Amino acid sequence: MAEDRILIEESLSGDQEAFRSLVNRYGGLVVHIVHRMIRNAADAEDVYQDVFLKVYQALPRFRLESKMSTWIATITYNTCVNHLRKKKEVLLGDLTEENEEGMRLRTDCPSPVERAERVDIAERLETEIGKMPPQFRTVLTLFHLEDMTYREIAQVMNLPEGTVKSHLFRARKLLRRRLAERYGEEELVP
Amino acid sequence: MRHLTDEEIQAYIDGEAASRPPQVEAHLAECPVCSGVLREYRRLYSALANDRCFAPSFLRATKALSELRLREKAETGWDRAETAVATLGIAGALAVALWAYTALGGPGAGLTEFLATSRRYLSPALESLRALANAAGSVGAEVGLVVTACFVLYVILSLDYLLVRPSARQATNG
Ligand SMILES: [Zn+2]
């Protein structure tokens, strides 16, 4: 926190190096949110630039009472939301029935190739997360990768805490089932 | 015997060890089905906290950042042009205000004398402005009103740009 303040003050007085340190410190957070929300790599690059340009421009308005990570996450989330809106992508979708349907079909008749495939769990997880609506992806990212509290996530995404909790619960429930069904019978629990 | 729900198992992992309900603990100890689900959830949680899959994104982000610097430089020149236009706008606004003030008769004798002197210095500019006003007047009062409104808006935006937002621009230019 104290180090953040020094870096912010130096950035405001025109020190490019200080701003670069801030970017390095919070770059991971921004990359996590952007790449979970924006699946197209080229678009994600643009959004990443946009976010840090906005952070730079808004820095004089940042109040130190709030947490830098929450503030940057909010800017990042809003930038992604605006981008998805421009691209007319569904933002507020739900975990659909159709998803569940597809899942059941695959459980009933897993292809031999799929069963033989030894797919890395992280890769499989990313694929499954990618099928979810952006809001669910972001909740998972902020909670599990950034260790944010429900309240912080609610603040970043401008959602009620209850919605954050239920999004998290439902997303994990779906992911658990999907990973279980793809990981061979010995781990598939009835 | 009722199995634990997904919600109960997730809450068990999320919660502090001290606040875990003893009956949930007891069920997990004796039920292979629920303890299996718990194991799966634990695996999911650790996979979700792993950011290995972001490595390629980090590389692309670094590349994007080097381009960010170029964009900052490009914006400086544009900013200067904007400042020049805004300054011209304010100078114009002041001239018009002065002209309108004197045209309406101005205040007391002392000031009128001062304005008369100023008018001599500003006469070329005032002439052209008057010509402009006459032209607008002949087109019609409505058009004159619209032109004036646009001008006032432009002046307000210029003032905002020069006086209110310099700190924000300073941050952009570094
Ligand atoms: Zn059970």
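To start, this report covers the structure provided alongside it.

Conventions and cut-offs
Residues numbered from 1 in each chain as written. Chains lettered and ligands numbered in written order. Predicted model: local features only at pLDDT ≥ 70, side-chain atom pairs only at ≥ 80, totals over all residues. Heavy atoms only, no water. Phe/Tyr/Trp six-rings, centres within 6.5 Å; stacked < 30°, edge-to-face > 60°. Helix = DSSP H or I, 4+ residues; strand = E, 2+ residues; numbered from the N terminus. Buried < 20%, exposed > 50% of the residue type's maximum accessible area, 1.4 Å probe, protein only. Lys NZ or Arg CZ within 6 Å of the ring centre and 35° of its normal. Salt bridge = Lys/Arg side-chain N within 4 Å of Asp/Glu carboxyl O. Donors = N, O, S within 2.8 Å, 3.2 Å for Na, K, Ca; no water. Tetrahedral: all angles 85-135°; square planar, octahedral: opposite > 155°, others 65-115°. Axes fitted to C-alpha atoms, helices over the stretch in contact; angles between N-to-C directions. Parallel < 35°, antiparallel > 145°, perpendicular 65-115°, else oblique. Contact = heavy atoms within 4.5 Å. Nonpolar A, V, L, I, M, F, W, Y, C, P; charged D, E, K, R; others polar.

### With respect to the packing of aromatic side chains
- Evaluation of the coordinates by the stated rule reveals five aromatic pairs over all chains.
- Arranged with centres 5.4 Å apart and planes meeting at 65°, the rings of A:Tyr48 and A:Phe52 form a pair that is edge-to-face. Residue A:Tyr48 and its partner A:Phe52 are located together in helix α3 (residues 41–58), separated by four residues, close to a single helical turn. For the pair A:Tyr48 and A:Phe52, one class covers both residues: buried.
- Counting every residue linked through ring pairs, the aromatic cluster contains A:Phe19, A:Tyr48, A:Phe52 and A:Tyr56.
- Sitting over the face of the ring of B:Tyr12, B:Arg20 holds its NZ or CZ atom 4.3 Å from the ring centroid.

### Topic: the pattern of salt bridges
Residues and elements named next belong to chain A.
- For the structure shown, the criterion picks out eleven salt bridges over all chains.
- Put simply, Glu 3 and Arg 25 hold a salt bridge, and the shortest N to O gap is 2.8 Å. With Glu 3 in helix α1 (residues 2–12) and Arg 25 in helix α2 (residues 16–37), this pair connects stretches of sequence that are 22 residues apart.
- Via salt bridges that share partners, Glu 3, Asp 4 and Arg 25 belong to a single interconnected network.

### Concerning the coordination of the zinc ion
All names here are of chain B.
- For the zinc ion, the protein coordination sphere consists of His 3 (ND1), His 27 (NE2), Cys 31 (SG) and Cys 34 (SG), at 2.1 to 2.3 Å.
- Taken together, the four donor atoms coordinating the zinc ion and their angles of 96 to 130° define a geometry best described as tetrahedral.
- Mapping the donors of the zinc ion onto the primary sequence gives the spacing H-x23-H-x3-C-x2-C.

### Quick notes on the packing of helix α7 (residues 121–130) of chain A against helix α3 (residues 32–48) of chain B
- Interhelical geometry of α7(A) versus α3(B) gives an angle of 85° and a closest axis separation of 10 Å. With respect to α3(B), the element α7(A) is oriented roughly perpendicular. Residue-level inspection shows A:Ile121, A:Leu125 and A:Ile129 of α7(A) in contact with α3(B), the latter providing B:Arg43, B:Leu44, B:Ala47 and B:Leu48.
- In terms of residue class, the contact of α7(A) with α3(B) is built from six nonpolar, no polar and one charged.

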